[in-house]
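# Fold and geometry: a report
As a plain string of letters, each chain reads:
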Amino acid sequence: GDSVTQTEGQVTVSESKSLIINCTYSATSIGYPNLFWYVRYPGEGLQLLLKVITAGQKGSSRGFEATYNKEATSFHLQKASVQESDSAVYYCALSGSGTGGYKVVFGSGTRLLVSP
Amino acid sequence: EAAVTQSPRNKVTVTGGNVTLSCRQTNSHNYMYWYRQDTGHGLRLIHYSYGAGNLQIGDVPDGYKATRTTQEDFFLLLELASPSQTSLYFCASRGQGWNTLYFGAGTRLSVL
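Attention in this report is confined to the structure presented alongside it. (Residues numbered from 1 in each chain as written. Chains lettered and ligands numbered in written order. Predicted model: local features only at pLDDT ≥ 70, side-chain atom pairs only at ≥ 80, totals over all residues. Heavy atoms only, no water.)

## A few points about the state of the cysteines
As enumerated under the stated definition, the model contains two disulfides over all chains in all. Put simply, A:Cys23 and A:Cys92 are joined by a disulfide, and their sulfur atoms are 1.9 Å apart. Residues A:Cys23 and A:Cys92 are joined by a disulfide whose S-S torsion is about -65°; by sign, that bridge is left-handed. Residue A:Cys23 is found in the loop between β3 (19-21) and β4 (24-26), and its partner A:Cys92 is found in strand β10 (residues 88-95); the two are separated by 69 residues along the sequence. Considered together, A:Cys23 and A:Cys92 belong to a single accessibility category, that of buried residues. In this model B:Cys23 forms its disulfide with B:Cys91; the gap between the sulfur atoms is 1.9 Å. (Disulfide = S-S within 2.5 Å. Helix = DSSP H or I, 4+ residues; strand = E, 2+ residues; numbered from the N terminus. Buried < 20%, exposed > 50% of the residue type's maximum accessible area, 1.4 Å probe, protein only.)

Now the structure itself:
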């Protein structure tokens, strides 16, 4: 079936250091998956951080980047220099495209703690 | 800005209790979803709806009912709550032709 794997449950990074959160996916029933990163700040719901709908493309937002790597089936999230305000839970997800993409499959989430 | 409001934000009930979680969206979105979030698991889809009066079964529907009374309002019902339903519940909406979800802030439910 379709699945998303985030191997790290929690990541701790010092402020101004670089970050990578790993995400791999398997899309057996979705032919052309769209890939997403959502973020959940404390006390809030999930919100879209970035999405990429075409393999080989890179998405970016708020200093975060992720590249849709179809060969490696990966969509890792990176940031060159994290800030304390980036502390949150990050979810990788995949979906079909357009109106047929009702089903969104989420990873288990990675909690990012940024230490001052 | 899309708006999805969930109530209550926190709820405690006892085993066998009756609970209703509410969700209202003011985005004029057709699609609404109920997810549960548990440690070590991604968000898991309970039920979803294409519009008022429509209900579709998700991936983990057992023990849950849902009802979409209007385009804006989607309710999740636990008629005989069990401790296994202790979780963080999210409601989300999505517009026709788009696959970005807009989430509420969540309802934390504890079943004792």
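## Some details on the interface of chain B and chain A
The interface is formed by 23 residues belonging to chain B together with 23 residues belonging to chain A. Across the interface of chain B and chain A, roughly 1700 Å² is buried in total on both sides, 54% from carbon and sulfur atoms. Contact with chain A buries area across many residues of chain B, yet B:Leu43, B:Asn99 and B:Phe103 alone supply 30% of it, more than any other trio. Seen at the junction of chain B and chain A, the total is zero salt bridges. Our count for the chain B to chain A interface comes out at four residue pairs in polar contact (both at pLDDT 80 or more). Breaking the side of chain B that touches chain A down by element, the ones donating at least two residues are β4 (31-37) and β9 (87-94) of chain B. It is β4(B) that contributes the most residues to the side of chain B that touches chain A, four residues altogether. (Contact = heavy atoms within 4.5 Å. Buried area = accessible area lost by both parts, 1.4 Å probe. Salt bridge = Lys/Arg side-chain N within 4 Å of Asp/Glu carboxyl O. Polar contact = N/O pair within 3.5 Å; in protein donor to acceptor, adjacent residues only side chain to side chain.)

## Things to note about the pairing of β4(B)
Residue and element names in this part refer to chain B. Counting buried positions along β4 gives seven out of seven residues, so the element sits mostly inside the fold. Burial along β4 is two-sided: the face carrying Tyr 31, Tyr 33, Tyr 35 and Gln 37 and the face carrying Met 32, Trp 34 and Arg 36 are both buried. When β4 meets β9, the two strands line up antiparallel, connected through seven bridges. Across the sheet, residue Tyr 35 finds its bridge partner in β9, namely Phe 90. As judged from the five bridges shared by β4 and strand β5 (residues 44-49), these two strands associate in the antiparallel manner. Looking across to β5, one finds that Tyr 35 is bridged to Leu 45. Count of turn residues in the β4/β5 antiparallel hairpin: six residues, of which Gly 40 carries a positive phi of about 85°. (Pairing = 2+ DSSP bridges.)

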